[in-house]
Each structure stands twice: as structure tokens, then as C-alpha cells.
Amino acid sequence: MITISDVTARLARGEVTSQKLTEQCLAKIQDLNPKLNAFITVTGDEALAQARQADKEIADGRRIGPLHGIPISLKDLIDQKGIATTAASLVRKDHMATDDAVVTQRLREAGAVFVGKTNLHEFAFGTTSEDSGFGPVRNPHDPSRSPGGSSGGSAAAIASGMSLGSVGTDTGGSIRIPAAACGIVGLKPEWGHISASGVVPLSRQLDHVGPLAASVADAWLLYNAMQPNSEQIGDALDAMPLKGMRLGKLSGYFFDRLDADVERSVLETIERLQKRGAKVVDVSVPHAGDMAAIYLHLVFGDAAEYHGRTLVTRPQDYTPPVRLRLEMAGYVLAEDYIRALRGKDLIAREVDRALDGVDALVLPALAIPAPPFGAVTMPVKGGPDAVRTLMLRCSQPFNLSGHPAISLPCGRSRDGLPIGLQLVGHKGRTPALVQAALAVEAVLAS
Amino acid sequence: MTIAEWLAAAKADAEKRGLPELIPMLEGLAQATERLRAADWNDNPDKDTPRDHDQ
């Protein structure tokens, strides 16, 4: 995969133009999108106009920002002025964004070129990206399989070279799950650090906006540009030294129900890190087993509130599986929602305690490799389990707790499917998490 | 409302609305709700007075 970091240097040296890069991405979209269905809207003319403008500015010695001339995509629940934001649903097919989302505006100010809006699981309410009003997204590594979700189009676009970076959202794992399933990097920032204004919500208290990218350095570059100017640190970070890095391996629940190849790859990676000087200790989150119940009640309650009116007025415009889940969401009682809110606070405290004395937590990003379309269950240690439950299992805890978390590729299954490793950092220390991820990425590349 | 009472009412409502496919999903939600209500962080009037975890 081409990285933004590499291309930025080549753009500055005049070895490549933004127009050429953008044309390459648009050619890939034309070639591959009929098969992968990663994009709902392609903004080719606008992108090429932006790219030509960027080339003029670069030739004049004017650097607008760290993403100047870089072709990226937006998950189609993020507003881009003058373009439909469909959220992959026919419910919003007539929508037109009147303004940019805050995150779109920041990326525009950083010089990004927008090539299009990517497909997703309808309203981000699913993990496979197969239920979309615009048809399923397919995994570039095996089109008979899901790319993960809900930001499946964003991950498929990067893995296949249709855009060099993308912006997704993550309510239970929707950045990290597709990143793991497609073999790329996905960063879920700390809750509230990137504005979700102008982004279609699933659950406002669990939604996180963040980057998907080809490398950890690229994910940082995008993340940094998404922050307010006053909070931007710099375009590049140094890797944390592995010698002396302290990692907390989350035991119990987080390794109980894994695909055999995922378990092997993650454990081998941890062993490699130990051999290179990292100190690894076992840590736990005592109420981990309650997390699915907490998550379910919160997401259902919030989704029922947002979709209440349109479920009555235009139920036929939802895909049947998403409509059914939203109908079920309406049955959650207020008293149980409150119990879940209290459980969420407890999980956040327990994750803080697990992080006490370590630089980051380490665990799988996704319990299984990309599942085949239509699969209801997948085999894992301890017997088959529901696909949706398995896909959320390792990622949703950190939506409840709000801690920053990153998924990066750590090998392949016997079928050649990507596997993702997850690192979780301290609140208020996202740069340190990314520095740890840079170190891990370097070991895996060696 | 007990979970059994809630589930019976929800199933009847789903049938009335012509959504029988919801019934197995509601049974799954009921199991998650049982787990939530049984969790040890819940306060009850006949247990200790609730305390703030940050103090």
C-alpha cells in the first residue's frame, strides 16, 4: 500500500503531483468499485479540481497543511458540503449536506483532496457492512467475505488503493474491526477528542470519529489534522523504545473466545515484543463479561431515540435487518438504560486500573478473521458463537470506557486473511499510544 | 416490571404489529437484561447506601 508519509515527501520534491495521485485513486475506483462497492458517491471532478489547485500551490512554494494534495475519502455519514450524506440508507437518499462536518473542514484546511464518500453498514448499526441501502461492501482480500464494519467501505478503499486515507466512526469497533479485517491501521481516539458535529450519530455517548490508514504514521498524520489547531502536536512522532515498554496483556474474557489463527498470531506478536525488550504483565477487567449487556442497552436506547420517528413514517426505507434491530431497540426500558450507564462508568474505572503501571494494553482487535457473507456463527475456542457478538467482543469495551485504541495488522490466517492487534492507551495520552504502535509496527515489519 | 412480564408484553406487541421476526431477538435482549439486572454494581434500597466511587 502507498503511504501518505511517503507520498507527501515525493509531492514536496516534485516527483509526483496531486493530480497524478488523484487520477490513480479514481482509476482504481473505476476499476475496483463495481466489485468491492466501497464507495457510494465518487466526487471525481471536484477531487481533480482540488488536486490541480494543490499542485499550483505546491509549485508556488505554498504548503497549505500536512495533507496538501493527498486524496482521501469520508465515510458516508460525515457531512461534506454539497454532497449527499446517505449513511448507507434510503431514509437519507434525498439528503444534501449544507455544510462540512467539523472534521471535514479541518481536513480541508489541512489540504486534503476528497475523492468520495464510502459505503458502510446502514446507519453504522452493524459490523459486517453487508446491510447497506446501496448493496454490501466486499473485502479486497476475498470478495466473498465481509470487510468488517461499520466503516467497511473506508477500509476496503485503503486496502485496495482507492484512497490513501479515510475518516470513519467507531461506536463499538467500527474503525478497528474493518481495519483488522482488511489489514490496515485504524485509530479510535479518546472519546470526545475529535468533534462528531456534522456526523450522523448511532450513540452520541459511544461514537468516536477517527482515521483509517495504511500505516500507523499515516493514522497519526490524519488524527493530528482532525484536531483543533490549538491541540495539534506535529505531523510525525518517534516510536517509543521497545526496551522498557510496559504492556498489559488483557487476560480472561479477551482471549477466551478467539479463532485459533487470531490467538496464535497475537500471542506470537506479544512474544516477539517481549524478546525485543518489552515487559508484559497479565492484567484484567473484572466485569468484562458484562460489557456486551451494557453496550447493547446503551446503543439500543440511543438508536431508538434517533430513529423513532422515521421507523414509523418510512420503515420500508431501512434494510430489513437494520430495521428489525431498531424495532427491537425501542423495547429497552429506562431503568435498564440507567443500569447500563452505571456499568459503563464501572468499566471505565476498571480499564484505568488495568492501565495502571503499563504504557498500553495489548489484545486482539478482532476475535475472528473476516467472516463470509451470510455467516451467522463462526467457530472459535469453546464452540461456535454469533458473528456479531464475536466481532464486537474485543473492541466495544473501549467505546464504553472512552480510552484511545488502535488496531494494526499482525499477520495472516491460514486462509491468507489479515489479523489485527489492538493497543489501548491512557486517557490524555494518545500520542504515547501511537508511539507504542509505531514501535510494534516496526517489529512486525522486521 | 419483571423481565418475564416485560418479555411477554413485548412479544405480544411485536405480534400485534406484524413483526413476529422480533420475538427471538427479544428473547436475546431479555437474556442481556437479566445479566444487567443481576450485576453487582446495582444499588438497592435494602443494601448499603450508595457512595461516590471518586471519593
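A short tour of the structure in this document, coming up. (Residues numbered from 1 in each chain as written. Chains lettered and ligands numbered in written order. Predicted model: local features only at pLDDT ≥ 70, side-chain atom pairs only at ≥ 80, totals over all residues.)

Topic: the overall build of chain B
So, step 1. Counting secondary structure elements, chain B contains 2 helices and 0 strands.
So, step 2. Taken against the 2.2 N^0.38 rule, which gives 10 Å for 55 residues, the C-alpha radius of gyration of chain B at 16 Å runs more than 25% over that of a compact globule.
So, step 3. With 55 residues in all, chain B has 15% of them scored as buried. (Helix = DSSP H or I, 4+ residues; strand = E, 2+ residues; numbered from the N terminus. Rg over C-alpha atoms; globule rule 2.2 N^0.38 Å. Buried ≥ 20, exposed ≤ 12 C-beta atoms within 10 Å, placed from the backbone.)

Here's the deal with the overall build of chain A
So, step 1. Each helix and strand in chain A was counted, giving 15 helices and 13 strands.
So, step 2. On C-alpha atoms alone, chain A measures out to a radius of gyration of 20 Å, which is about the 22 Å that the 2.2 N^0.38 rule sets for 446 residues.
So, step 3. Along the three orthogonal principal directions, the C-alpha set of chain A runs to about 60 × 60 × 45 Å.
So, step 4. The burial tally for chain A puts 61% of its 446 residues in the buried class.
So, step 5. Look at the contacts in chain A between residues 6 or more apart in sequence, and 76% of them connect residues 24 or more apart. (Contact = placed C-beta atoms within 7 Å.)

Quick look at the packing of helix α12 (residues 334–355) of chain A against helix α2 (residues 22–38) of chain B
So, step 1. The N-to-C vectors of α12(A) and α2(B) enclose an angle of 60°; their axes lie 10 Å apart at closest approach. Judged on the interaxial angle alone, α2(B) and α12(A) are oblique. The crossing of α12(A) and α2(B) is left-handed. Seen from α12(A), the contacting residues are A:D336, A:R339, A:A340 and A:G343; seen from α2(B), they are B:T33, B:L36 and B:R37.
So, step 2. Tallied by class, the residues present in the contact of α12(A) with α2(B) amount to 2 nonpolar, 2 polar and 3 charged. (Axes fitted to C-alpha atoms, helices over the stretch in contact; angles between N-to-C directions. Parallel < 35°, antiparallel > 145°, perpendicular 65-115°, else oblique. Left-handed = near helix turned anticlockwise from the far one by under 90°. Nonpolar A, V, L, I, M, F, W, Y, C, P; charged D, E, K, R; others polar.)

Focus on the interface of chain B and chain A
In many analyses, interface size is given as the accessible surface area lost on bringing the parts together.
So, step 1. Between chain B and chain A, the contact holds 17 residues from the first and 18 residues from the second.
So, step 2. Ranked by the residues each element gives to the side of chain B that touches chain A, the list is headed by α2(B), at 9 residues.
So, step 3. Partitioned by chemical class, the residues of the side of chain B that touches chain A number 11 nonpolar, 3 polar and 3 charged.

Some points on the sheet that holds strand β4 (residues 165–170) of chain A
Residue and element names in this part refer to chain A.
So, step 1. Ordered in space as β1-β3-β2-β4-β6-β5-β12-β13-β9-β7-β8, the 11 strands form an open sheet in which the pairing is mixed. Taken across any chain shown, the strands that pair with only one partner, and hence form the sheet edges, are β1 (39–42) and β8 (279–283). Ignoring strand direction, the axes of neighbouring strands in this sheet form an average angle of 30°.
So, step 2. Bridge count between strand β7 (residues 246–250) and β8: 5 bridges; the pairing is parallel. Of the residues in β8, the one forming a bridge with L250 is V283.
So, step 3. Contacting β1, β2 (71–75) and β3 (113–118), helix α3 (residues 44–59) crosses the sheet at an angle of about 155° to β3. (Pairing = 2+ DSSP bridges.)

What to know about the nonpolar core
Residue and element names in this part refer to chain A.
So, step 1. The biggest cluster of nonpolar side chains holds 150 residues, and the ones touching the most others in it are I184, V185, L361, I406, L423 and A437.
So, step 2. Looking at this core element by element, the count peaks at 10 residues for helix α10 (residues 291–313).
So, step 3. Residue-level mapping places this core at the junction of two domains, with at least three residues from each of domain 1 (4–231) and domain 2 (246–290 + 334–445).
So, step 4. Beyond its immediate chain neighbours, meaning those up to four positions away, L361 contacts G248, L250, V283, A354, L355, L423 and V424. (Core = buried A, V, L, I, M, F, W, Y, C linked by C-beta atoms within 7 Å. Domains from an automatic or database assignment.)

Notes on the pairing of strand β9 (residues 360–364) of chain A
Residues and elements named next belong to chain A.
So, step 1. β9 sits mainly inside the fold: 5 of its 5 residues count as buried.
So, step 2. Both β7 and β9 contribute to a ladder of 3 bridges, which runs parallel. In the sheet register, G248 faces β9, and the bridge partner there is L361.
So, step 3. Relative to strand β13 (residues 418–424), β9 runs antiparallel, the two sharing 4 bridges. By the bridge assignment, V362 is partnered in β13 with L423.

A closer look at the packing of helix α1 (residues 3–16) of chain B against α2(B)
Residues and elements named next belong to chain B.
So, step 1. The interhelical angle for the contact between α1 and α2, taken along N-to-C directions, is 160°, at an axis separation of 10 Å. As the angle between them shows, α1 and α2 are arranged roughly antiparallel. In terms of crossing hand, the pair formed by α1 and α2 is right-handed. Between α1, through I3, L7, A10, K11 and A14, and α2, the contact on the second element is made entirely by L22, I23, L26, E27, A30, T33 and E34.

Some details on the environment of A:H208
So, step 1. Along the polypeptide, A:H208 turns up in strand β6 (residues 208–213).
So, step 2. Between the C-alpha atom of A:H208 and that of A:G198, which follows or precedes it by 10 residues, the distance is 13 Å.

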